[in-house]
Amino acid sequence: MYGFVGTGEITAAIVAGLSTGVADPPAVLLSPRGRDVGRELASRFPNVRVCESNQGVLDSATVIVLAVRPPMAQDVLAELSFQPRHVVLSALAGVRLEQLRHWAAPAGQVVRVIPLPQAAQGQSLTAICPDNAVARELFDRVGGVVVANEEKTLDAFSAATATFAAHLDYLTTIAEWLAGQGIEHDAATAYVTHIFGQLGQSLSQHTGPLAELTEKHMTPGGINEQLMTDLRREGVPDLVRHALDRVLARLQG
Ligand SMILES: NC(=O)c1ccc[n+]([C@@H]2O[C@H](COP(=O)([O-])OP(=O)(O)OC[C@H]3O[C@@H](n4cnc5c(N)ncnc54)[C@H](OP(=O)(O)O)[C@@H]3O)[C@@H](O)[C@H]2O)c1
């Protein structure tokens, strides 16, 4: 049985992944806040139930996924009574293991995890720290795990996930530029969504260095090479590296 404290976006994704198309899905208990999400999950999946209180989740489940927003974590945890039997899997971005162990004492095991929204489709490669059999068992069900042996390594994985919105914003820039060339706005968006969706599929099937895939999409002297060289000359890779450094510094407090 898995308990979730915090029933928002990421919980909905993990619970959908745990419950969809599985012959014998695990029982799932949800905390009561996030009413619409909880109600929707409970009506879609017979293995899911919404509890009366956050403590009700802890009283019935041993494995607890923490998925409230980081600023409210301390207040939420302060009201809960953990037991040594509890295994706490914290999705809270940037909240250190030491802090979590203190807030969730005397929980027996505390693990940080970085689930991805693709858990809903069973496709979240979830970074975990430290290695933990219970975390592996849960997140193997929704796409697999990558183990960070040190917390600073987990922070680096976390920083890498901070790039999604900027990546989508880059695609928005391309779509808007295309619309500016006189192409109808919806058609421009659909075109950009299609070409990058296809690129994403090539990416997910690719195993070697990324530079190999870059080469495949580039004719020497061609227009892909021109745009990439232009952006590199303008300092885009350095800007990205520096922004990632700043995210990492924030995550490490
Ligand atoms: N979204 C992602 O892709 C993602 C990925 C990895 C990690 N995370 C982490 O996961 C956590 C949740 O993110 P999210 O995007 O799922 O946020 P979210 O959609 O805002 O969900 C947070 C949920 O917590 C509920 N909540 C608020 N106060 C509560 C309380 N006192 N007790 C129990 N639940 C309470 C909220 O309920 P109400 O709606 O009633 O306020 C809401 O349903 C964050 O710490 C984030 O860093 C998110």
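Residues numbered from 1 in each chain as written. Predicted model: local features only at pLDDT ≥ 70, side-chain atom pairs only at ≥ 80, totals over all residues.

A. A look at the pairing of strand β5 (residues 87-90). Of the two faces of β5, the one carrying Val-87 and Leu-89 and the one carrying Val-88 and Ser-90 are both buried. Bridging between strand β4 (residues 63-66) and β5 involves 4 bridges; their strand directions are parallel. If you follow Val-65 over to β5, its bridge partner there is Leu-89. Once you follow β4 into helix α4 (residues 73-78) and on to β5, the crossover reads as right-handed. Of the crossover connections in this fold, the one passing from β5 over helix α5 (residues 97-103) to the parallel strand β6 (residues 109-114) is right-handed. (Buried ≥ 20, exposed ≤ 12 C-beta atoms within 10 Å, placed from the backbone. Helix = DSSP H or I, 4+ residues; strand = E, 2+ residues; numbered from the N terminus. Pairing = 2+ DSSP bridges. Right-handed = clockwise from strand over helix to strand, strands pointing away.)

B. Focus on the site of the ligand. Around the ligand lies a shell of 24 residues, among which Gly-6, Gly-8, Arg-33, Gly-34 and Ala-93 are the nearest. Element by element, the count of residues in the shell around the ligand is highest for helix α1 (residues 9-19), at 3 residues. (Near = placed C-beta within 6 Å.)

C. Quick peek at the domain arrangement of the protein. According to the domain assignment, the protein contains domain 1 (2-149) and domain 2 (164-251). The C-alpha centroid of domain 2 is placed 33 Å from the C-alpha centroid of domain 1. (Domains from an automatic or database assignment.)

D. Looking closely at the packing of helix α7 (residues 151-161) against helix α12 (residues 236-251). Running from amino to carboxyl end, α7 crosses α12 at an angle of 130 degrees, the nearest separation of the two axes being 9 Å. Relative to α12, the element α7 lies oblique. In this structure, α7 meets α12 at a crossing whose hand is right-handed. From α7, Asp-155, Ala-156, Ser-158 and Ala-159 reach across to α12, where they touch Leu-244, Val-247, Leu-248 and Leu-251. Of the residues contributing to the contact of α7 with α12, the split by class is 6 nonpolar, 1 polar and 1 charged. (Axes fitted to C-alpha atoms, helices over the stretch in contact; angles between N-to-C directions. Parallel < 35°, antiparallel > 145°, perpendicular 65-115°, else oblique. Left-handed = near helix turned anticlockwise from the far one by under 90°. Contact = placed C-beta atoms within 7 Å. Nonpolar A, V, L, I, M, F, W, Y, C, P; charged D, E, K, R; others polar.)

E. Looking closely at the nonpolar core. Ranked by internal contacts, the top residues of the largest apolar core, which has 54 residues, are Phe-4, Ile-64, Val-65, Leu-66, Val-88, Leu-89 and Ile-128. When residues in this core are grouped by element, the largest group, 6 residues, is from α1. Residues contacting Leu-89, with those up to four places away along its chain left out, are Val-63, Ile-64, Val-65, Leu-66, Val-111, Val-113, Ala-135 and Leu-138. (Core = buried A, V, L, I, M, F, W, Y, C linked by C-beta atoms within 7 Å.)

F. Fine view of the environment of Ala-243. Within the element layout of this structure, Ala-243 appears in helix α12. Linking Ala-243 and Ser-158, residues 85 residues apart in sequence, is a C-alpha distance of 13 Å.

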